[in-house]
Amino acid sequence: MDSATSSSFPDPAPRRAHSMRFRVAVSLAALALLVIVVQSIVMFRLLDRKEEEFIDQQLSEQIEHSMALWQKSPDAAFPNTPSMWLYRVGKGEAGQGVPPFLARLPVGNHETYLGSKEYHVAVREDDKARYILAYDVEDHESRLDSLIAINLSAAIGLALFTLLAGYLVAGRLTRQLESLAGRLDASESQSLVEPGMSDELLAVASTLERYRLRQAAAIERERAFAANLSHELRTPLTGIRTDAELMAGLPAMSALAQRRAQRIIASVDRITRLSSSL
């Protein structure tokens, strides 16, 4: 499409932005949500780390306790919790019954996965056997998931509350701007500066007041100039009209000259009316 064709279409209407009151409320809500999310992430990381340390400590204490009990009563050495399993593999034994993902772990504390399930495993050895204690941390993960869901719900609720509260508070702040706009439209004689204005709004009102005074002075100068111009034009126009009337009244003037004199009078009268309208 050429430039001549494209210029025939009107420009689209400018897109209207949201009010400052709404933007302030949304900004406050977004800031509150960001703070809560960051705080929650930090808290969850710390909580998860402490929980991991606690689980490792419990595993270490439990396996050492089980190893000590095995010497006296093997049946009492097994942990009494449904989420823990103890395996004992004697020296030289194949380790039947031990899951392969546990059997190949070295001595120490480990985190391992079987599918999507996470296990904490403690592996120890003495001169007679190898001990493997596995702990299913599903309850731990479930507690963390519940805490995340609760915290997320609270964050959304607080963000909505902040949005509403911010909208109400911003309304009080923008009310002075609306009042200033109303006074600017209502009357030129009413001062835009009012006592109790905030510093930022006072600066805007003072600037608008000075601009309005400058504009009023410029308009007054234009009016004075137009009035003076109209007055100055009347003097020569009156002289021209008088001469034309005298010429039109002379009996020695031809009919053509008298018509021209009448045309001069009509033109002078029209210019006089135009100058008076200034």
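For the structure, check the block above.
What counts as what
- Residue numbering note: each chain is counted from 1, following its sequence as written.
- This being a predicted model, a pLDDT of at least 70 is required before a residue's local features are given, and a value of 80 or more before pairs of side-chain atoms are given or counted; all residues contribute to the totals for chains, interfaces and linings.
- Side-chain measures were taken over the full set of non-hydrogen atoms in the model, leaving aside hydrogen atoms and water.
- Each helix is a run of H or I in the DSSP string that is no shorter than four residues. Each strand is a run of E no shorter than two, and both are numbered from the N terminus.
- With C-alpha atoms as the basis for the radius of gyration, the globule rule is written as 2.2 Å multiplied by the number of residues raised to the power 0.38.
- Think of it in three bands: residues with accessible area under 20% of the maximum for their type are buried, residues over 50% are exposed, and the middle band is partly exposed, with areas taken using a 1.4 Å probe on protein chains only.
- Any pair of residues with heavy atoms lying within 4.5 Å of one another is described as a contacting pair.
- Residue exposure ignores everything except the shown protein chains as possible cover, and the areas themselves are Shrake-Rupley values with a 1.4 Å probe.
- For the purpose of counting charges, residues Lys and Arg are taken to be positive, whereas Asp and Glu are taken to be negative. His and the chain ends are not included.
- Positions of charges follow a simple convention, taking NZ of Lys, CZ of Arg, CG of Asp or CD of Glu.
- By the convention used here, strands pair only if DSSP detects at least 2 bridges between them.
- Lines fitted to the C-alpha atoms define the axes, with helices restricted to the stretch that makes contact. Angles between their N-to-C directions range from 0 to 180 degrees.
- For a helix, the expected span equals 1.5 Å multiplied by the number of residues minus one.
- Every case where a carboxyl oxygen of Asp or Glu lies within 4 Å of a side-chain nitrogen of Lys or Arg is listed as a salt bridge.
- The labels follow the angle: roughly parallel below 35 degrees, roughly antiparallel above 145, roughly perpendicular from 65 to 115, and oblique for the rest.
- Crossing chirality is assigned from the near helix's rotation relative to the far helix, an anticlockwise turn below a right angle marking it left-handed and a clockwise turn marking it right-handed.
- Residues were grouped as follows: Ala, Val, Leu, Ile, Met, Phe, Trp, Tyr, Cys and Pro as nonpolar; Asp, Glu, Lys and Arg as charged; and all remaining residues, including Gly, as polar.
- Aromatic rings from Phe, Tyr and Trp, taking only the six-membered ring of Trp, are treated as a pair when their centres fall within 6.5 Å; an angle between ring planes under 30 degrees marks them as stacked, one over 60 as edge-to-face, and anything in between as tilted.
- Under the rule applied, a polar contact is a pair of N or O atoms within 3.5 Å (in protein, one hydrogen donor and one hydrogen acceptor; residues adjacent in sequence only if both atoms are side-chain atoms).

## Description of the overall build of the chain
Across its full length, the chain carries six helices and four strands. Counting helices and strands in the order they occur from the N terminus, the chain gives α-α-β-α-β-β-β-α-α-α. Radius of gyration (C-alpha) of the chain: 47 Å, far over the 19 Å computed for a compact globule of 278 residues. Taking the principal axes of its C-alpha atoms as reference, the chain extends roughly 155 × 60 × 25 Å. Per-residue burial over the chain gives 27% buried out of 278 residues. The contacts of the chain with a sequence gap of at least 6 include a subset with a gap of at least 24, amounting to 55%. Total accessible area on the chain is roughly 19,500 Å²; 60% of this is exposed by carbon and sulfur atoms. Each charge class in the chain can be summarised by its mean position, and for the 31 positive and 34 negative side chains these summaries are 13 Å apart.

## Remarks on the sheet that holds strand β3 (residues 117-125)
Pairing between the strands of a sheet comes from backbone hydrogen bonds, and it takes one of two forms, parallel or antiparallel. Taking strand neighbours across the sheet as the criterion, the four strands line up as β1-β4-β3-β2 in an open arrangement whose pairing is antiparallel. Each of the sheet's edge strands pairs with one partner strand only, and the pair in question is β1 (84-90) and β2 (108-114). In this sheet, neighbouring strand axes are inclined to one another by 25 degrees on average, regardless of whether the strands run parallel or antiparallel. Strands in contact with helix α2 (residues 20-70) are β1, β2, β3 and β4 (129-136); relative to β3, the strand with the most contacts, it is inclined by about 40 degrees.

## What about helix α6 (residues 255-277)?
When the terminal C-alpha atoms of α6 are compared, their 33 Å separation across 23 residues agrees well with the 33 Å that a helix rising 1.5 Å per residue should span. Where α6 is concerned, the buried positions are A261, I265, V268 and S275. In this fold, the buried residues of α6 make contact with α5 (199-249).

## Regarding the pattern of salt bridges
For the structure shown, the criterion picks out eight salt bridges. Between E51 and R143 there is a salt bridge; the shortest N-O distance is 2.8 Å. Of this pair, E51 sits in helix α2 while R143 sits in helix α4 (residues 138-186); the two residues are 92 residues apart in sequence, bridging distant segments of the chain. Residue E245 is joined to R241 by a salt bridge in which the shortest nitrogen-to-oxygen separation is 2.0 Å. With E245 and R241 both in helix α5, this residue pair falls four residues apart, about one helical turn. For R241, a relative accessible area of 27% translates into the label partly exposed.

## Comments concerning the packing of α2 against α4
It is at 7 Å that the axes of α2 and α4 come closest, and there the two elements cross at 160 degrees. Relative to α4, α2 is oriented roughly antiparallel. As α2 runs across α4, the sense of the crossing is right-handed. Residues that form the contact of α2 with α4 fall into these classes: 25 nonpolar, seven polar and five charged.

## As for the packing of aromatic side chains
Enumeration according to the criterion identifies four aromatic pairs in this entry. Here the aromatic rings of W70 and Y131 are separated by 6.2 Å at their centres, their planes lie at 80 degrees, and the arrangement is edge-to-face. Highlighted residues: W70 in helix α2 and Y131 in strand β4, separated in sequence by 61 residues. Residues W70 and Y131 agree in their burial class; the two are buried. Residues F101 and Y119 carry aromatic rings whose centres are separated by 5.8 Å and whose planes lie at 55 degrees to one another, so their mutual orientation is tilted. Of this pair, F101 sits in helix α3 (residues 100-103) while Y119 is found in strand β3, placing the two residues 18 residues apart along the sequence. There is no split in this pair, since F101 and Y119 are both buried. Taken together through their ring pairs, the aromatic side chains of W70, F78 and Y131 make up a single cluster.

## Quick notes on the side chain of E52
Here E52 lies in helix α2. For E52, the side chain forms a polar contact with the side chain of H120, separated by 2.7 Å. Setting aside residues up to four positions removed in sequence, E52 forms contacts with E111, E118, H120 and H140.

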